[in-house]
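Residues per chain are reported as follows:
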Amino acid sequence: MFDPALPTLHCDLLVIGAGPAGVAAALTAAAAGQRVLLVDQQQDPGGQIWRGQWRELVQSGRCSDALAQRWLPALRAALQANAGRRIVFRGACRVVHRSDNHTVVADGEQAAIIAYQQVILAAGAREVLLPFPGWTLPGVTGAGGLQVMVKDGVSVHGQRIVVAGTGPLLLAVAASLQATGAHVVGIFEQASNASLLAFTSQLWRYPALCWQALGLRWQTRHIPWHTASWITSAEGGETVTGVHWRNAQGKHGQLDCSRLACGYGLTENSELLALFADSNSVNKKRSTATETSVRAATADAIRPGITTADVATAQPGVWIAGELLGIGGARRAIISGQRAAAETVGAAAQGRQLQGQLQRWNRYVSALAQQFALRDKVRHLAIDNTVLCRCEAVTVGAARAHADFRSAKLATRLGMGACQGRICGSACQQLFGWRADHTRAPLAPTPIRTLMQSAGIEAVAVSSSTKRVSGDSE
Amino acid sequence: MNADVIIVGAGIIGCALAEQLAGQGMKVCVLDRAGIGQQTSASGMGHLVALGDHPAVLALALRSLKLWRERQCKLPDNVEYVSCGTLWLASNATDVLQAQENAELFTAAGVRNEWLDAAALRRTEATLVTDLSGGLRVPDDAVIYPPNAVLHFAENAMACGARFEIGVEAVSVAGGEVRLADGGRRRAPYIVVAAGCATSRLLPELKLLPRKGHLLITTAQVPRIHHQLIELGYHQSAQGQDPVSVAFNVQPRRTGQLLIGSSRQFDDESADLVPAVLSRMLQRGQRFLPELPRWPALRAWTGLRPCTPDNTPYIGNLARDRSLWVAAGHEGLGITTATGTAELLAQQICGNTPLLDGAAMSPNRSLAA
Amino acid sequence: MSGFSQSSAIEMQINGRAVAACESESVLAALQRAGCDFTRRDQQGAPRAAVCGMGVCQECAVSIDGEPGQLACLRRCRNNMQVVTDV
């Protein structure tokens, strides 16, 4: 028999996501007197951008990434403080379900109920993975995806790798793979030279990024870099053995490789937002709307717009930071995390100052979205027998027969598999212009016992400021 | 098109009826504000089960099951008809008595059934807890995937000339006329309201309450279960009018996932999960499947069953307005009885002698408030 | 890989076979070292492997110490860990 109830953790501020935004938010809030619980699905803080940095810090005393080095040591010190410890970090923890305005259920190695006064959602971004013939072959991964796998120990030494997709991330991925001994045989960026020029020409406003870009271009100078180019298909038996490519001028070719690291930009992990939307307003909209507009209604109910620098949501006490404000990179994420934390303690002056800094990044966010927008050819690489929904092996042809995401979902099971539409949702948006269905709890597959034990949440009182932060820490 | 019959509601009942009537040559028009099979039909378990509180409902269910079996080979593969049968689980002496009563009823009605003692039960379903008294096996019960069954009925209806108007909301029905939310009207000599929980908006005198239920589906990384498993206590939950009740029910799907239910509550029409009820339902599940807590939950959702005060659907002609017909209020038996309901109502509309006695399901029957 | 050389060498079981691993690397890395090029087969029997590396695609779901549905890309190795893939 399992325990009848989950342990409850209390805090003033729950920060979901320990990437740059979450770490900055936690430290800022703690400095202002908040008792903070910082959670992340990974066992260490750092998120995706700083993956592996915490391990380096613990083992060698330093992070190799300069920006991580400015923040993670401070977090580590805060976690280790004996007297007046204000931040607790809980790793391998995913928020899967929300009961009411002040309690969520978290799953992970040890499930728990978290009672909070305010929450900052800093769940970051994931890669946009578009379907194309052969994309389900083992060895085909995301671009950022392969980079983080390597950071956590996967070896690519001596392997022939093609890096493809779109975005500044591709250069970073190619450089980092090369540094571990991989043979990167080509980078295929679908954006045109004109777009890339337009993007780089506004980087002067962000000197740190300029240096970073130059550095990456220098490191990758020997790797053939193809612009206005994309991978049309991957081939192989049980793993990928080669790719076909094409460019905007019609030139095409083939390359042998044992890995294809292909990602078409980043998109926010917005499922968490839906969990925190006010269910009353969502349901009101729901009763008059068809299912396809529910997600729109949910998003509108919780968040003003994509490129806004506004960390506030429609829900009091619920804030967003980082890539949830729109893809903008680590530096912007850090400022937004600080800003969100300032708002939680009502530090108006600090908030205004940070708002100004944040707005400086708006141009970058827009440029990123605009110059790396996907061309039609790349949206429509998949053919009718290409798998669209990976989890349920639903093809593009089978999905295409339906009018919208929900109808396709009910009829084919597209989006009903383990990833709950996270991968195929973007793909359907790009291919058909469909808005995906709204998110349901649990946000990630979770042992049934977590849901069995979470009935205790209704009995939990909202935490008071006299309660200590409880739970694990590093 | 000048319709002979307008059906309000394109759920499984509306679409099955459309197939019947269009197949008999009537000009059918189906209206739905959301889509085909989008509401209750999309949220339920899809069990085809010999069950019914009132003898008339049981008869309807049995006739329906026969009709489902007859069309089994014509169903497309994506309807996923699986004759896994039902195992009714007995935990105690009361359950065993209930099982015996049911067995007699089934045998008398020609429904195959067999009693499995505790040892046989353990051999048949290894995941079950070992302290059960036994189980009543009904091998001809089945499981389908309802959204595709509804589409199948709709496609058959369309192939016979039925027209579906989606995104069209009916706001009133009277005297052979349906008034729409956008101000439009549709006229036909026969109007059938098959709108599930929304029926009482159009026919307010028919008492219908939405009865919310929870379901949870696992990932495929779970052990195999061969039958649909239902505890005999399900009868009390379904037939009673308790504000909140749970009863164990699990269904194997063709994907290898397990669909776990069931719960019933009256007080809540929102789509939100209610943690306390979900938890209670799962705890009830654990009583029968000890390893349940370890299995990965993929998704949980709710649905609303249209429930009448006497747990018997409304099927038939309204005495106060002979242009109006109704087929709604099936509680948890909508999928099971869709075929029989369509046949019965079509017989009534076309003036043929109905096979079943529809008196108990008449919308004109008097009901205790 | 920076940092791994300093972590403890451990042993774990992958599909019943003993495999040497590092304590701070991911289960996915250990799977690769054990020669598991893929973690599951889809409905048509085609092999599938990790794609996103960040807990989204679920292709790397394996059973760890008897618990199904654990994401190999997010979990770190532990001494005596029992990993079973879906193939």
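Quantities reported herein were computed from a predicted structural model and do not represent experimental measurements.

All right, on to the interface of chain A and chain B then. With 35 residues of chain A at the interface, the matching set in chain B holds 37 residues. Broken down residue by residue, the surface that chain A buries against chain B is led by Arg413(A), Ile448(A) and Met452(A), which jointly contribute 24%. Two residues, Arg413(A) and Glu80(B), come together in a salt bridge whose shortest N-O distance is 2.3 Å. Linking chain A with chain B are 12 residue pairs in polar contact (both at pLDDT 80 or more). The set of elements that each furnish at least two residues to the side of chain A that touches chain B consists of strand S5 (93-100), helix H9 (279-288), helix H16 (405-412), strand S22 (446-447) and helix H18 (448-453) of chain A.

Residue and element names in this part refer to chain B. Across the sheet, six strands lie side by side as S8-S2-S1-S12-S19-S18; this open sheet has mixed pairing. Looking along the sheet, the strands with just one partner apiece sit at the ends: strand S8 (163-166) and strand S18 (314-317). Neighbour-to-neighbour, the strand axes of this sheet turn through a mean angle of 20 degrees, independent of strand direction. Pairing of strand S1 (residues 5-8) with strand S2 (residues 28-32) involves four bridges; the strand directions are parallel. Directly across from Ile 6, in S2, lies its bridge partner Cys 29.

Among all residues save glycine, negative phi is the norm, and among peptide bonds the norm is trans. In this structure, Ser262(B) follows Gly261(B) across a cis peptide bond, with omega equal to 5 degrees. Within the secondary structure layout, Ser262(B) lies in strand S16 (residues 258-265). Even without glycine at this site, Arg413(A) takes up a positive phi of about 80 degrees. As for its placement among the helices and strands, Arg413(A) is situated in the loop between H16 and helix H17 (422-432).

Before going further, it helps to examine the nonpolar core. Across soluble globular proteins, nonpolar side chains have a tendency to be buried as a group. Leu14(A), Leu121(A) and Phe276(A) are the most contacted members of the largest nonpolar core, which totals 108 residues. Ranked by the residues each element gives to this core, the list is headed by helix H1 (residues 20-31) of chain A, at eight residues. If we skip the residues at most four places from it in the chain, Leu121(A) touches Ile16(A), Leu272(A), Leu273(A), Phe276(A), Val318(A), Trp319(A), Ile320(A), Ala321(A) and Leu324(A). Among the nonpolar cores identified, the runner-up in size contains 65 residues, and Ile12(B), Ala99(B), Val192(B) and Ala238(B) belong to it.

Moving on to the confidence of the model for chain C. Of the residues in chain C, 92% have a pLDDT of 70 or more, and the chain-wide mean is 90. Overall fold confidence for the complex sits at a pTM of 0.88, while the interface term, ipTM, reaches 0.95.

Conventions and cut-offs
- Residues numbered from 1 in each chain as written.
- Chains lettered and ligands numbered in written order.
- Predicted model: local features only at pLDDT ≥ 70, side-chain atom pairs only at ≥ 80, totals over all residues.
- Heavy atoms only, no water.
- Contact = heavy atoms within 4.5 Å.
- Buried area = accessible area lost by both parts, 1.4 Å probe.
- Salt bridge = Lys/Arg side-chain N within 4 Å of Asp/Glu carboxyl O.
- Polar contact = N/O pair within 3.5 Å; in protein donor to acceptor, adjacent residues only side chain to side chain.
- Helix = DSSP H or I, 4+ residues; strand = E, 2+ residues; numbered from the N terminus.
- Pairing = 2+ DSSP bridges.
- Axes fitted to C-alpha atoms, helices over the stretch in contact; angles between N-to-C directions.
- Core = buried A, V, L, I, M, F, W, Y, C linked by side-chain atoms within 4.5 Å.
- Buried < 20%, exposed > 50% of the residue type's maximum accessible area, 1.4 Å probe, protein only.
- pLDDT = per-residue confidence, 0-100.

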